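A look at the structure
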Amino acid sequence: MWHNDAEIVMLREWFPSAEFPLICSAPMRGISGVKLAAEVSKAGGVGFLGAGYEIQNLEAELKAGQLELGEDRENIAVGFIQWACPLDTTLIPSLKPHPPSAIWLFAPLPPSISSTTNSTNLLHPHLLQWIEALPYPRPPILYQTSSIDDARAALLLPEPNNIDILVVQAPTDAGGHGLRDPSSASLMVLIPEMVDMIDSLDLNRPVPVLAAGGISDARGVAAAVALGAHGAVMGTRFIASSESLAREGYKKLVVDTTDGGRNTVQTRVYDILRGTNGWPEGYAGRGIVNESYREWVEGEKVGGETGYQYDIREKYKAAESAGDFQRLTAYAGTGVGLVNEVIPAGEIVRQAREGARKILGRFEQSSW
């Protein structure tokens, strides 16, 4: 079956300590620290440090990750939010002493509106700039996308600036930031079409696909593999892990929230309240619906007045001091209703992988 696909062979070369189906923890800024990433990797997954755009401690964190895992195996991986992360003399030297096992890139700045050329190397100028700047020997590069056209442009960057792995995220379900829904499709159609698109390019190199968005357990992992993915990324599930840096109130809210399709929302309101307003046009964050969001929406219905915004901001500031997650932003995907307890990250990986193997094995052995 898929066990011997060229993409799986490639993943085994890049991540020799990993087991399959591959489970990755998303690089969630402020949540995915060294301990979480290391425990995921110890369990046979690939754990990502959520550096985001805060790189002042990156070298120390990568050193700590290597110490957690030991010198005889690959280090933790790291993810960056490109639009906000300075690609300067601080970042690149931080990657060299203890290189990450992989680098996840997300949300590059859009091409200049003055650019009219169709040359492939200018369709993703900021992504290309990043890849060119990364030090050799370069670890595998993951690129998060939710669009067939965007992924195609990234894959056609000029050699040797290859995107090695595509993280295909469905904003219809994914927690945190992604393309604004309905700017994309669900994984049900996005994964198969992405795999077909890659095949049509005749790249002469395998490009593994990792599914992201709404995956919280073994059933989601198995479904992603059945759709053509070579592994899965989970974010929301790892928020409710013992090693997560999320506050206890955040973890409790994730565990207690049900019916994620109705009780999460993709919006820019949470960015406004948190002061993270630099996201490029077309992006928004999915979080659990709370009092701040409800009051903001009610205020907008009135129209004309903006005083409500000041009041909500003041309440939000007070909630930050009190740790009140009835008002604070809690990014989570629609799969939040499948998260029922806080357990160690390694156990999350093992449960998802072994459960997916059993599900997929049943279909392999079925006579129908």
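Predicted model only: the values in this text are computed from it and were never measured.

**Regarding the nonpolar core**
One finds L58, F80, I163, L166, M194, F238 and Y250 to be the most contacted residues of the largest nonpolar core, which totals 121 residues. Discounting residues that sit within four places of it in the chain, I163 has contacts with L127, I131, I141, Y143, A154, L155 and R205.

**Overview of a negative patch on the surface**
On the surface, a cluster of negative charge is made up of E193, D196, D199 and D202. With respect to the element layout, D202 can be found in the loop between α7 (187-201) and β8 (209-212). Under the relative-accessibility criterion, D202 is labelled exposed at 61%.

**Looking at the pairing of strand β10 (residues 264-267)**
Burial along β10 is two-sided: the residues T264 and Q266 and V265 and T267 are all buried. Relative to strand β11 (residues 283-288), β10 runs antiparallel, the two sharing four bridges. The residue bridging Q266 from the neighbouring strand is R286, located in β11.

**Describing the environment of S244**
With respect to the helices and strands, the residue S244 is situated in the loop between α9 (236-239) and α10 (248-256). For S244, a relative accessible area of 7% puts it in the buried group. If sequence neighbours within four positions are ignored, S244 has contacts with I31, L36, F238, I239 and K251. Engagement of the side chain of S244 in a polar contact is seen with the backbone nitrogen of A246, the distance being 3.0 Å.

**Looking at the layout of surface pockets**
There is about 990 Å³ of room inside the largest pocket. Along its surface, the largest pocket is lined by 48 residues, and M28, R29, I31, G176 and Y331 are the ones closest to its centre. With three residues, the top contributor of residues to the lining of the largest pocket is strand β3 (residues 77-81). Looking at the lining of the largest pocket, its residues break down into 25 nonpolar, 18 polar and five charged. Size it by volume and the second largest pocket reaches roughly 310 Å³. Among the elements that line the lining of the second largest pocket, the one with the most residues is strand β5 (residues 141-145), at three residues.

**As for the pairing of β5**
Within β5, five of the five residues are buried, which leaves the element mostly enclosed by the surrounding structure. Here β5 shows a buried face lined by I141, Y143 and T145 and a second buried face lined by L142 and Q144. Here strand β4 (residues 103-106) pairs with β5 via three bridges, running parallel. In the strand pairing of β5, W104 is matched with L142.

**What to know about the sheet that holds β11**
Spatial strand order, β7-β11-β10: three strands in an open sheet with antiparallel pairing. The strands lining the two open edges of the sheet, one partner per strand, are β7 (176-179) and β10. For this sheet the average axis-to-axis angle between neighbouring strands, irrespective of direction, equals 30°.

**Some thoughts on the pattern of salt bridges**
Where charged atoms from two side chains of opposite charge come close, those side chains can pair. Going through the model one piece at a time under the given rule, you end up with 21 salt bridges. Among the ionic pairs, E54 bridges to R29, the shortest N-O distance being 3.0 Å. A residue pair is termed long-range when its members are at least 10 positions apart, and E54 in the loop between β2 (46-52) and α3 (58-69) and R29 in the loop between β1 (22-25) and α2 (34-42) qualify at 25 residues.

**Concerning helix α5 (residues 125-133)**
Inspection of α5 places H126, L127, L128, W130 and I131 among the buried residues, and these make up the whole buried set. Among the structural elements, β3, α4 (91-95), β4, β5 and α6 (148-155) are those in contact with the buried residues of α5.

**Considering the sheet that holds β5**
Spatially, β1-β2-β3-β4-β5-β6-β8-β9 is the arrangement adopted by the eight strands of the closed barrel, whose pairing is parallel. On average, adjacent strands in this sheet sit at an angle of 25° to one another, irrespective of strand direction. Bridge count for strand β6 (residues 165-169) against β8 is four bridges, and the pairing is parallel. Considered in β8, the bridge of V167 is made with L210. With respect to the sheet, α2 is in contact with β1 and β2, its orientation differing from that of β2 by roughly 160°.

How each quantity is defined
Residues numbered from 1 in each chain as written. Predicted model: local features only at pLDDT ≥ 70, side-chain atom pairs only at ≥ 80, totals over all residues. Heavy atoms only, no water. Core = buried A, V, L, I, M, F, W, Y, C linked by side-chain atoms within 4.5 Å. Buried < 20%, exposed > 50% of the residue type's maximum accessible area, 1.4 Å probe, protein only. Contact = heavy atoms within 4.5 Å. Patch = residues over 30% accessible without salt bridge, like charges linked within 9 Å, V, L, I, M, F, W, Y side chains within 5 Å. Areas by Shrake-Rupley, 256 points an atom, 1.4 Å probe, with all protein chains shown as cover. Salt bridge = Lys/Arg side-chain N within 4 Å of Asp/Glu carboxyl O. Lys, Arg positive; Asp, Glu negative; His and termini not counted. Charge placed at Lys NZ, Arg CZ, Asp CG, Glu CD. Helix = DSSP H or I, 4+ residues; strand = E, 2+ residues; numbered from the N terminus. Pairing = 2+ DSSP bridges. Polar contact = N/O pair within 3.5 Å; in protein donor to acceptor, adjacent residues only side chain to side chain. 1 Å grid on protein atoms, 1.4 Å probe; cavity = no way out; pocket = protein on both sides within 12 Å on 5 of 7 lines; lining within 4 Å. Points joined across faces, edges and corners; volume = space filled by probe spheres on them. Nonpolar A, V, L, I, M, F, W, Y, C, P; charged D, E, K, R; others polar. Axes fitted to C-alpha atoms, helices over the stretch in contact; angles between N-to-C directions.

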